[in-house]
Amino acid sequence: KAGVTQTPRYLIKTRGQQVTLSCSPISGHRSVSWYQQTPGQGLQFLFEYFSETQRNKGNFPGRFSGRQFSNSRSEMNVSTLELGDSALYLCASSQPGGRTEAFFGQGTRLTVV
Amino acid sequence: AQSVTQPDIHITVSEGASLELRCNYSYGATPYLFWYVQSPGQGLQLLLKYFSGDTLVQGIKGFEAEFKRSQSSFNLRKPSVHWSDAAEYFCAHSGSARQLTFGSGTQLTVLP
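What you see is a predicted model; the values in this text were computed from it and never measured. (Residues numbered from 1 in each chain as written. Chains lettered and ligands numbered in written order. Predicted model: local features only at pLDDT ≥ 70, side-chain atom pairs only at ≥ 80, totals over all residues. Heavy atoms only, no water.)

A.B. asks: Hey, could you run me through the state of the cysteines in this one?
C.D. replies: Note on terminology: a disulfide is the covalent bond linking the sulfur atoms of two cysteines. All names here are of chain A. Scanning all chains against the criterion turns up two disulfides over all chains. Paired by a disulfide, Cys23 and Cys91 hold their sulfur atoms 1.7 Å apart. Around the S-S axis, the bridge from Cys23 to Cys91 shows a dihedral of about -60 degrees and counts as left-handed. Taken together, the positions of Cys23 in strand E3 (residues 19–24) and Cys91 in strand E9 (residues 87–94) put the pair 68 residues apart, joining distant regions of the chain. For Cys23, a relative accessible area of 0% translates into the label buried. (Disulfide = S-S within 2.5 Å. Helix = DSSP H or I, 4+ residues; strand = E, 2+ residues; numbered from the N terminus. Buried < 20%, exposed > 50% of the residue type's maximum accessible area, 1.4 Å probe, protein only.)

A.B. asks: Would you explain the nonpolar core in this entry?
C.D. replies: General note: in soluble globular proteins, nonpolar side chains tend to be found buried as a group. The biggest cluster of nonpolar side chains holds 25 residues, and the ones touching the most others in it are Leu19(B), Trp35(B), Leu47(B), Leu48(B), Phe74(B), Leu76(B) and Tyr89(B). Broken down by secondary-structure element, the contributors of at least two residues to this core are strand E2 (10–14), strand E3 (19–21), strand E5 (32–38), strand E6 (44–50), strand E8 (64–68), strand E9 (73–78), strand E10 (87–94) and strand E12 (106–111) of chain B. Sequence-distant contacts of Tyr89(B), that is, excluding residues within four places in its chain, are made with Gln6(B), Leu21(B), Trp35(B), Tyr36(B), Val37(B), Leu47(B), Phe63(B), Leu76(B), Gly105(B), Thr106(B) and Leu108(B). Core analysis: the second largest hydrophobic core is formed by 21 residues, Leu21(A), Val32(A), Phe64(A) and Leu110(A) among them. (Core = buried A, V, L, I, M, F, W, Y, C linked by side-chain atoms within 4.5 Å. Contact = heavy atoms within 4.5 Å.)

A.B. asks: Where do I start with the packing of aromatic side chains in this structure?
C.D. replies: What describes a pair of aromatic rings is the distance from one ring centre to the other and the angle between the planes of the rings. All chains considered together, the criterion is met by 16 aromatic pairs over all chains. Ring plane angle 90 degrees and centroid distance 5.6 Å describe the contact between Tyr35(A) and Phe102(B), whose orientation is recorded as edge-to-face. In this pair, Tyr35(A) sits in strand E4 (residues 31–38) while Phe102(B) sits in strand E11 (residues 101–102), so the two residues belong to two different chains. Phe102(B) shares its class with Tyr35(A); the two are buried. (Phe/Tyr/Trp six-rings, centres within 6.5 Å; stacked < 30°, edge-to-face > 60°.)

Spelled out as structure tokens, the structure:
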């Protein structure tokens, strides 16, 4: 069974640009969550999608958005990039329900210059 | 607000020695608890999880963790560390698996 796939693995963008990251969950998993990991703030929850609907959102500005498609694949978008958006962005997929674990992809390393 | 504390930023152990990584959580109800490991530049791999029942849980790679409600702790242990265990370890909890609150991580160095 294939794991969580994130593309691209690495990105370099210029301040002010926008970026789109992609995540394909494990087959059968309908919940996708996104996390940002930085040395200063650690791992922080961005948002979670289930059945194409955002169910939870972390404390991030509106420049961070996402969506989920009918095949459960998800994308996150960051507009008007700032230097502080440089981070490892991790996607996790899980089965619906409370007692399930989240499986993470290898992440997308975004560098804003 | 929910929080997870990993008091040790960095731990160094010799190969073959035992290991214990500490984790404390702040959550009113019984939390779902997890330990993840991350190698440099990689994603997170789940080591073990606790939802309910037996408070001593076994995970992959020879790791185990014990849930102690009275101490709000979920410490990770391994009886004999291997050089390949060198990585960063994260404790996490959630009310549902889809929104995790992570600790700040413990970096493990293994000496030959």
